[in-house]
Amino acid sequence: MGINPATDLIYVANQNSDNVSVINGAINSVIAMISVGDQPFGVGVNISTNLIYVTNQGSDNVSVINGTDNSVITTITVGDQPSAVGINTSTNLVYVTNRNSNNVSVINGIDHSIITTIPVGNTPAGIGVNPLINVIYVANSGDNTVSIINGADNSIITTISVGAIPGPIGVNTSTNLVYVGNFSDDTISIISGATNNVIITLAGDPHPLGIGVNPLTNRIYVAGENGDITVIDGISNTIITSISIGGDTPTGIGVNP
């Protein structure tokens, strides 16, 4: 799921339908269905350019959607089984994790060319970007690590250990903290963006699958496989409540601050 708070539109990848649903946030209705590639999975929205990037795992490419008219303007070939999308609105660069290639494709948001490919850990899954410090975080689910990338030169700053099978990542730009959901040990690793170390590990709902961050309220929302949403206070980094949404296996969270 991706959200453009400027247009109040929400984009949802439908993996088995090979399309993207566009929801109007004002009326909570689907206003368009956009055909993309095979098995769309990750969605990233560049609020500065009103372009939406969708990873297609089955066709190893990225569909680029114009948010003005919901048309696909180009398709970019990336690595094997692209998964998550991270966008740096400050540099207009798009980062795509390629699960089976163990790397990250970096896309120029102006001409949509691949400017470099960054080797990371095994089976990169989730990705998060802090545009304020130009740093990118990649969860490597195959070796239980997070690769930290310098966006200035696309080099690896460091690689740190987290919990078992890390996946979703959420970045709180207000506090410069990074939240990583660890699927197998039901925990959330909290990384300091200042020191690049894990400062706290929280026990959360079983099998975290999605993380959403509201930097204005300092609330972090973690979707667990059991259908609960864990809410974390981003100041104290404690769990303040758990919300049952009544659904099974929620995999993504989008926040409109």
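This report concerns the structure included in the present document. (Residues numbered from 1 in each chain as written. Predicted model: local features only at pLDDT ≥ 70, side-chain atom pairs only at ≥ 80, totals over all residues. Heavy atoms only, no water.)

1. Considering the overall build of the chain
The number of helices and strands found in the chain is zero helices and 24 strands. Taking 2.2 N^0.38 as the reference for a compact globule, 257 residues should give roughly 18 Å; the C-alpha atoms of the chain span a radius of gyration of 17 Å, in line with that estimate. In terms of its C-alpha atoms, the chain occupies a principal-axis envelope of roughly 40 × 40 × 30 Å. The long-range fraction of contacts in the chain, counting pairs at least 24 apart against all pairs at least 6 apart in sequence, stands at 35%. With an accessible surface of roughly 10000 Å², the chain has 47% of that area assigned to carbon and sulfur atoms. (Helix = DSSP H or I, 4+ residues; strand = E, 2+ residues; numbered from the N terminus. Rg over C-alpha atoms; globule rule 2.2 N^0.38 Å. Contact = heavy atoms within 4.5 Å. Areas by Shrake-Rupley, 256 points an atom, 1.4 Å probe, with all protein chains shown as cover.)

2. Let's talk about the pairing of strand S5 (residues 40–46)
Regular strands place their side chains on alternate faces of the sheet. Taking burial as the measure, the seven residues of S5 include six buried ones, the bulk of the element. Once S5 ends, the chain turns through four residues before running back antiparallel as strand S6 (residues 51–56), passing Asn50 with a positive phi of about 55°. (Buried < 20%, exposed > 50% of the residue type's maximum accessible area, 1.4 Å probe, protein only. Pairing = 2+ DSSP bridges.)

3. Details of the sheet that holds strand S11 (residues 103–108)
Here we have four strands laid out as an open sheet, ordered S9-S10-S11-S12, and antiparallel in their pairing. Across the chains shown, the open sheet's two edge strands, defined by having one partner strand only, are strand S9 (82–88) and strand S12 (114–119). For this sheet, the mean angle separating the axes of adjacent strands, direction not counted, is 20°. Pairing between S9 and strand S10 (residues 93–98): five bridges, direction antiparallel. Across the sheet, residue Pro82 finds its bridge partner in S10, namely Asn98. (Axes fitted to C-alpha atoms, helices over the stretch in contact; angles between N-to-C directions.)

4. Side note on the nonpolar core
Counting 13 residues, the largest nonpolar core has Tyr11, Val20, Ile52, Val54 and Ile65 as the members making the most contacts within it. Those elements that place two or more of their residues in this core are strand S2 (9–14), strand S3 (19–24), strand S4 (29–35), S5 and S6. Top element by residues in this core is S2. It accounts for three residues. Setting aside residues no more than four positions away along its own chain, Val20 makes contact with Tyr11, Val12, Ala13, Asn14, Ala32, Met33, Ile34, Val36, Val54 and Ile65. (Core = buried A, V, L, I, M, F, W, Y, C linked by side-chain atoms within 4.5 Å.)

5. Overview of the sheet that holds strand S15 (residues 145–150)
Pairing within the open sheet is antiparallel, and its four strands lie in the order S13-S14-S15-S16. The open sheet terminates on both sides in strands that have one partner only, identified here as strand S13 (124–130) and strand S16 (155–161). Sheet twist, expressed as the average angle between the axes of neighbouring strands with direction ignored, equals 20°. By the bridge criterion, five bridges tie S13 to strand S14 (residues 135–140) in an arrangement that is antiparallel. Pairing of Pro124 across the sheet is with Asn140, part of S14.

6. Re unusual backbone geometry
In the Ramachandran plot, Thr123 falls in the positive-phi region, its phi being about 55° despite a non-glycine side chain. Along the chain, Thr123 turns up in the loop between S12 and S13. A positive phi angle, close to 55°, is found at Asn154, a residue other than glycine.

7. Observations regarding the pairing of S12
Note: S11 against S12, five bridges, orientation antiparallel. Opposite Ile107, over in S12, you have Ile114 as the bridge partner. Counting the residues that bridge the hairpin from S11 to S12 gives five residues, and of these His112 lies at a positive phi of roughly 60°.

None of the figures reported here should be taken as evidence of function without further support.
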